[in-house]
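Architecture at a glance
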Amino acid sequence: MNPERYSRQTILKDFGPEAQQKLAKAKVLVVGAGGLGIPVMTYLNAMGVGTLGIVDLDRVALSNLHRQVLYAESDIGKSKVAVALSKLKAQNSNTDLRSHEMFLDRDNALETIRSYDLVVDASDNFPTRYLINDACVILSKPFIYGALHGFEGQVSVFNYKGGPSYRCLYPKMPKASEVPNCDQHGVLGILPGIVGNLQALEAIKVITGIGEVLSGTLLLFDGLVNGFQKIKFSSLPENMIIDRLQGNYELDCGLSFESVTPETFERLLASGPLQLIDVRNTDEFQSFHIANSINIPLSELARRKGEIDMTVPAYFLCQSGIRSQKAIFELEPFYSSARLVNVTGGINQLHQYAAKY
Amino acid sequence: MEILLFGIAKDIVGKSKIQFAAGEGQPTSVKELRQTLESAYPDLGRLSSMAVAVNSEYVRDELILKPGDEIAIIPPVSGG
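Residues numbered from 1 in each chain as written. Chains lettered and ligands numbered in written order. Predicted model: local features only at pLDDT ≥ 70, side-chain atom pairs only at ≥ 80, totals over all residues. Heavy atoms only, no water.

Side note on empty space enclosed by the protein
Here the idea is plain: a probe the size of a water molecule rolls over the atoms and shows the empty space left. Following the criterion strictly, the structure yields 2 cavities of 30 Å³ or more and no others. Computed from the structure, the largest cavity encloses a volume of approximately 40 Å³. Forming the walls of the largest cavity are Leu-148, His-149, Glu-152, Gly-153, Gln-154, Leu-220 and Phe-221 of chain A together with Phe-6 and Val-77 of chain B. Listing elements by their share of the lining of the largest cavity, those giving two or more residues are β5 (143-149), β6 (152-158) and β7 (217-222) of chain A. Looking at which element gives the most residues to the lining of the largest cavity, the answer is β6 of chain A, with 3 residues. Across the lining of the largest cavity, the residue classes break down as 5 nonpolar, 3 polar and 1 charged. (1 Å grid on protein atoms, 1.4 Å probe; cavity = no way out; pocket = protein on both sides within 12 Å on 5 of 7 lines; lining within 4 Å. Points joined across faces, edges and corners; volume = space filled by probe spheres on them. Helix = DSSP H or I, 4+ residues; strand = E, 2+ residues; numbered from the N terminus. Nonpolar A, V, L, I, M, F, W, Y, C, P; charged D, E, K, R; others polar.)

Some details on helix α14 (residues 322-331) of chain A
Of all 10 residues in α14 of chain A, 8 are buried, a share of seventy percent or more. Along α14 of chain A, the residues classified as buried are Ile-322, Arg-323, Ser-324, Gln-325, Ala-327, Ile-328, Phe-329 and Leu-331 of chain A. (Buried < 20%, exposed > 50% of the residue type's maximum accessible area, 1.4 Å probe, protein only.)

Let's talk about the side chain of Gln-199 of chain A
Residues and elements named next belong to chain A. One can find Gln-199 in helix α9 (residues 191-208). By relative accessible area, Gln-199 is classed as buried at 0%. Those residues in contact with Gln-199 that lie beyond four places of it in its chain are Leu-36, Val-40, Val-120, Asp-121, Ile-144, Tyr-145, Gly-146 and Val-155. (Contact = heavy atoms within 4.5 Å.)

Some points on the sheet that holds strand β9 (residues 258-260) of chain A
Strand pairing in a sheet is mediated by backbone hydrogen bonds. Such pairs are either parallel or antiparallel. All names here are of chain A. The strand order across the open sheet formed by 5 strands is β9-β13-β12-β10-β11, and the pairing between neighbours is parallel. Of all strands in the sheet, those bounded by a partner on one side alone are β9 and β11 (294-295). Relative to strand β13 (residues 340-343), β9 is paired through 3 bridges, and the arrangement is parallel. The partner of Val-260 across the bridge, within β13, is Val-343. Packed on one face of the sheet, helix α11 (residues 262-271) meets β9, β10 (275-278), β12 (314-317) and β13 and runs near 75° to β9. The strands touched by α14 are β12 and β13; relative to β13, the strand with the most contacts, the crossing angle is about 165°. (Pairing = 2+ DSSP bridges. Axes fitted to C-alpha atoms, helices over the stretch in contact; angles between N-to-C directions.)

Digging into the pattern of salt bridges
Residue and element names in this part refer to chain A. Per the stated rule, a full pass over the model turns up 19 salt bridges over all chains. Between Glu-307 and Arg-304 there is a salt bridge, with the nearest N and O atoms lying 2.8 Å from each other. Here Glu-307 falls in the partly exposed class, since its relative accessible area comes to 43%. Beyond isolated ion pairs, a larger network of salt bridges with shared partners links Glu-300, Arg-303, Arg-304 and Glu-307. (Salt bridge = Lys/Arg side-chain N within 4 Å of Asp/Glu carboxyl O.)

Observations regarding the pairing of strand β3 (residues 96-100) of chain A
Moving residue by residue along a regular strand, the side chains alternate between the two faces of the sheet. Sheet topology note: the strand β2 (residues 51-55) of chain A/β3 of chain A ladder contains 5 bridges and is parallel. By the bridge assignment for β3 of chain A, Gly-53 of chain A is matched with Arg-98 of chain A.

Right, here's the structure in full:
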């Protein structure tokens, strides 16, 4: 490799060829090839991290483009991991790029993470975040956490040299109804760029040993005032001893409900008419919806529930499958014998449709 | 006593800061602060993990609050 390539960082007194060597030997797994994952993998790849694995199963959608700046309009509908890998390959042909086209789950997490030194949590949901935490604690791997809410972001480094974990900050996974995700709540396009770059910086520090790692410190960023705050926290022994993964990392909804997988739902759609209630907001519905679906935004459900025919099955759909669950929980007490079915993962997981939105 | 709100807590309350005037009604512990906030904003009570920091340090419910404390309410966020 031409040493000129990294010369602008290797001439840094506190970095040098030694740190560059450490980057070259490092194996980093980035979980999520979305808003946070893109700046993380782009910079780690550019700066010379030797092995970079990327986990995701999503496809590029039109509504991703305002923040997921690696993807072009011509990538819509394509696998994010496949597109990202080809762009990263062109950016730096020395990197050993590894594709993991899947969602991280309890069956593949340990096996996947085991062969990396460091994990970057660039996911967009609580089940994955708690799964990454538990798997990293079991395997003694540090991980770089980043998360967003509207104009705000959080960054920290967990499980680093005996430091605290995600559960030391938030012991229990929130329930499905508590905290919205980006699809529901929205996110300013540049926010994941800022937060993801802060994560990439922490990854570089963990690998090379330069500076002070954000271990035991939660960095809060508020984009509206360009404010940074650091909160110190310490580890709780009960969170640092995990010997196996939980049986289940699904969002705890406290209630049971019937659900249908995206694949089965697509077959049902193709096989004939069904009663489909789309509980997204009116503007989301107008920009794209499945033919013959009925739009009853979640906020109007209490008032408009009479519009649903409870004598036949009702399928509930939203962008990611969370609001549709809430809709079912809201209706269940009134219609105990009705068949209210959640479309798991929402429009995001319906491959035939997801790309159009 | 100033309370800074982050994430969903800011959305629930509808502003990024709450001031408690000195004296009456000012919570004396983190536990009391949680109760005061939850009774004023019931949706805050539904959050299963809501971190509280006092003077930039994560604290437990037992901590006694002092008049000049700067408090931050930091719920978990999931977006990516």
